[in-house]
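These are the residues of each chain, in order.
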Protein chains: 2
Amino acid sequence: MKKGILAVISGFSGAGKGTIMKELIKRYDYFLSVSATTRRPRDGEVDGKDYYFHTKEEFQQMIDRGELVEWAEYVGNFYGTPKKRVEEQLNQGRDVLLEIEMQGGMLVKQQFPDSLLIFISPPSAEVLKERLAGRGTESPEEIERRLQRAAEEVKYMKDYDYIIVNDDLEDAINKVNDLIRYDHYKACNSAHLIKKMEQEISTFAARKGE
Amino acid sequence: MKKGILAVISGFSGAGKGTIMKELIKRYDYFLSVSATTRRPRDGEVDGKDYYFHTKEEFQQMIDRGELVEWAEYVGNFYGTPKKRVEEQLNQGRDVLLEIEMQGGMLVKQQFPDSLLIFISPPSAEVLKERLAGRGTESPEEIERRLQRAAEEVKYMKDYDYIIVNDDLEDAINKVNDLIRYDHYKACNSAHLIKKMEQEISTFAARKGE
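Okay, so let's go over this structure.

1. Quick notes on the overall build of chain A
Here comes step 1: For chain A, the count of helices and strands is eight helices and nine strands.
Here comes step 2: Of all 210 residues assigned to chain A, the portion counted as buried reaches 48%.
Here comes step 3: Accessible surface, chain A as shown: approximately 10800 Å² in total, 49% of it carbon and sulfur.
Here comes step 4: A gap of 3 Å separates the mean positions of the 32 positive and 37 negative side-chain charges of chain A.

2. Regarding the pairing of strand S6 (residues 77-82) of chain B
Residue and element names in this part refer to chain B.
Here comes step 1: Among the six residues in S6, five count as buried, and that is most of the element.
Here comes step 2: In this structure, strand S3 (residues 36-37) lies alongside S6, joined through two bridges in antiparallel fashion. Counted as the bridge partner of Thr-37 is Tyr-79 from S6.
Here comes step 3: Direction of pairing for strand S5 (residues 68-74) relative to S6: antiparallel, over a ladder of five bridges.

3. Quick notes on the relation of the copies chain A and chain B
Here comes step 1: After a rotation of 180° and a shift along the axis of 0.0 Å, chain A superposes on chain B with an RMSD of 0.0 Å. Such values leave the two copies arranged in the relation of a two-fold axis.
Here comes step 2: When the interface residues of chain A are mapped onto chain B, 100% of them again lie at the interface, so the same face is used by both copies.

4. A word on the interface of chain A and chain B
Here comes step 1: Listed per partner, the contact involves 43 residues of chain A and 43 residues of chain B.
Here comes step 2: A combined buried area of about 3800 Å² lies between chain A and chain B, and 69% of that area is made up of carbon and sulfur atoms.
Here comes step 3: Its largest share of buried area at the contact with chain B, chain A owes to Tyr-182, Tyr-185 and Phe-204 of chain A, together 18% of the area lost on that side.
Here comes step 4: The interface formed by chain A and chain B includes zero salt bridges.
Here comes step 5: Elements represented by at least two residues in the side of chain A that touches chain B include exactly helix H5 (125-134), helix H6 (140-153), strand S9 (162-165), helix H7 (169-183) and helix H8 (191-206) of chain A.

5. Things to note about the side chain of Arg-146 of chain B
All names here are of chain B.
Here comes step 1: Looking at the element boundaries, Arg-146 is found in helix H6 (residues 140-153).
Here comes step 2: Assessed through its relative accessible area of 19%, Arg-146 is described here as buried.
Here comes step 3: For Arg-146, the side chain forms a polar contact with the side chain of Glu-142, separated by 2.8 Å.

6. Regarding H8 of chain A
The periodicity of an α-helix, 3.6 residues per turn, causes residues three or four positions apart to be oriented the same way.
Here comes step 1: For H8 of chain A, with 16 residues, the first-to-last C-alpha span of 22 Å sits near the 22 Å given by 1.5 Å per residue.
Here comes step 2: Every buried residue of H8 of chain A is listed here: Leu-193, Ile-194, Met-197, Ile-201, Phe-204 and Ala-205 of chain A. Buried residues in H8 of chain A, looked at end-on, bunch into an arc of 105°, giving them a common side. Facing away from the buried side of H8 of chain A by over 90 degrees, the exposed positions are His-192, Lys-195 and Ala-206 of chain A.
Here comes step 3: Structurally, H8 of chain A contributes buried residues whose contacts are with strand S8 (116-121), helix H5 (125-134), H6 and strand S9 (162-165) of chain B.

7. Re the environment of Arg-42 of chain A
Residue and element names in this part refer to chain A.
Here comes step 1: Mapping Arg-42 onto the fold places it in the loop between strand S3 (36-37) and strand S4 (52-53).
Here comes step 2: What makes Arg-42 exposed here is its relative accessible area of 54%.
Here comes step 3: Separated by 95 residues in sequence, Arg-42 and Thr-137 have C-alpha atoms that sit 18 Å apart.

8. Here we look at the environment of Gly-105 of chain A
All names here are of chain A.
Here comes step 1: With respect to the helices, strands and loops of the structure, Gly-105 is situated in helix H4 (residues 102-111).
Here comes step 2: A relative accessible area of 0% means that Gly-105 is categorised as buried.
Here comes step 3: For the pair formed by Gly-105 and Ala-7, sequence separation is 98 residues and the distance between their alpha carbons is 9.7 Å.
Here comes step 4: Apart from the residues within four sequence positions on either side, Gly-105 is in contact with Val-8, Ile-100, Leu-117 and Tyr-160.

9. Observations concerning the sheet that holds strand S7 (residues 96-99) of chain B
Here comes step 1: Spatially, the five strands line up as an open sheet ordered S2-S7-S1-S8-S9 (chain B), and their pairing is parallel. The outermost strands of the open sheet, each flanked by one partner alone, are strand S2 (31-32) and S9 of chain B.

10. What to know about the packing of aromatic side chains
Here comes step 1: As enumerated under the stated definition, the model contains 17 aromatic pairs over all chains in all.
Here comes step 2: Relative to Phe-78 of chain A, the ring of Phe-59 of chain A lies with its centre 5.6 Å away and its plane at 35°, an arrangement referred to as tilted. Of this pair, Phe-59 of chain A sits in helix H2 (residues 56-64) while Phe-78 of chain A sits in strand S6 (residues 77-82), and the two are 19 residues apart along the sequence. When sorted by exposure, Phe-59 of chain A lands in the same class as Phe-78 of chain A, which is buried.
Here comes step 3: Every member of this aromatic cluster is reached through a ring pair, and the members are Tyr-182 and Tyr-185 of chain A together with Tyr-182 and Tyr-185 of chain B.
Here comes step 4: The ring of Tyr-182 of chain A has Arg-181 of chain A sitting right over it, with the charged end atom 4.9 Å from the ring centre.

Rules behind the numbers
- Residues numbered from 1 in each chain as written.
- Chains lettered and ligands numbered in written order.
- Predicted model: local features only at pLDDT ≥ 70, side-chain atom pairs only at ≥ 80, totals over all residues.
- Heavy atoms only, no water.
- Helix = DSSP H or I, 4+ residues; strand = E, 2+ residues; numbered from the N terminus.
- Buried < 20%, exposed > 50% of the residue type's maximum accessible area, 1.4 Å probe, protein only.
- Areas by Shrake-Rupley, 256 points an atom, 1.4 Å probe, with all protein chains shown as cover.
- Lys, Arg positive; Asp, Glu negative; His and termini not counted.
- Charge placed at Lys NZ, Arg CZ, Asp CG, Glu CD.
- Pairing = 2+ DSSP bridges.
- Least-squares fit on C-alpha atoms with pLDDT ≥ 70 in both.
- Contact = heavy atoms within 4.5 Å.
- Buried area = accessible area lost by both parts, 1.4 Å probe.
- Salt bridge = Lys/Arg side-chain N within 4 Å of Asp/Glu carboxyl O.
- Polar contact = N/O pair within 3.5 Å; in protein donor to acceptor, adjacent residues only side chain to side chain.
- Expected span 1.5 Å × (residues − 1).
- Arc of directions from axis to C-beta.
- Phe/Tyr/Trp six-rings, centres within 6.5 Å; stacked < 30°, edge-to-face > 60°.
- Lys NZ or Arg CZ within 6 Å of the ring centre and 35° of its normal.

So, in structure tokens, the structure goes:
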């Protein structure tokens, strides 16, 4: 059976990747990987839907057993991607979306060399700053902190497979969806077709006397 | 300036790549690389449009001077791709189409690692055979010879970047065009954007006191 595509979506805070992800999930049949975390559930959050909630001990065990594709610590809590469910879906031929940070993206690429790494970028740093400020929910210090972080994250852009500029939301959604769709035509994802053609053509070519 | 994409289109004889190329050239602003050859011009063929016609001595000089991206001998005549014009167009930001055989495709990839190699395949070997027979212009021996050749060529499928099945012509044209269009979003083709973001973000992040 043809395997699914593992698509990693990353981007600066404020690049709009969350909205793009939400629309992709709503419109198409992607499997969205749910993260494991040690953070406490907030009101209304459902275990297995928003996150898989675990104790620190459980999370450490998952790390030790190699059950996470990638994990990171953020403000005292751990976040990670459970490997088993991702692999199950890929093996069933379903395309999987993973919204993670750049360092995590690099780890996914190491373990899944055929994964598709897409970086969502604003058209300019000016726009990024405006979007962060425009939310109105962040303090100047928080905006500053996110810009500092973006200055670190920008170094990973070149290591992604594709860069999609989110200038127009609808356009960006379509582009990301198309990139995943076209990834199925890669030779490395067409092993079944190649094998079929090899066998059939050699059979025909061998029947010289017909 | 952003460079153009060098797209190599290959496929079995009878896969329909010629028709796809013709439509792409007609509809879009691609530059079609014109081959150099030592074959004599046929009636109506124009030098510089259909081929660049050369003597064997001239062709040998072009080989010796490294002026050809790739070349091959076919039924006693030489065919090759002049490097200079391809590079000129790419440097001007124009996407270049190259319709060549698989061995040539491999040589192009060596010299232009960022080139995009697209393999056009019929949906099955049965269809390939039918198409070869359906032309009505080829003798059974010629069809047989082409199938033998396809049996050799099929080994190169896996080395191409993408495999497009030409089941429906219009669909195949759109897919090839989209693949080239999306190739512009590859990180390796987005150096200008990456550099701009790096500079802008670091400038913003440095202005702490504002």
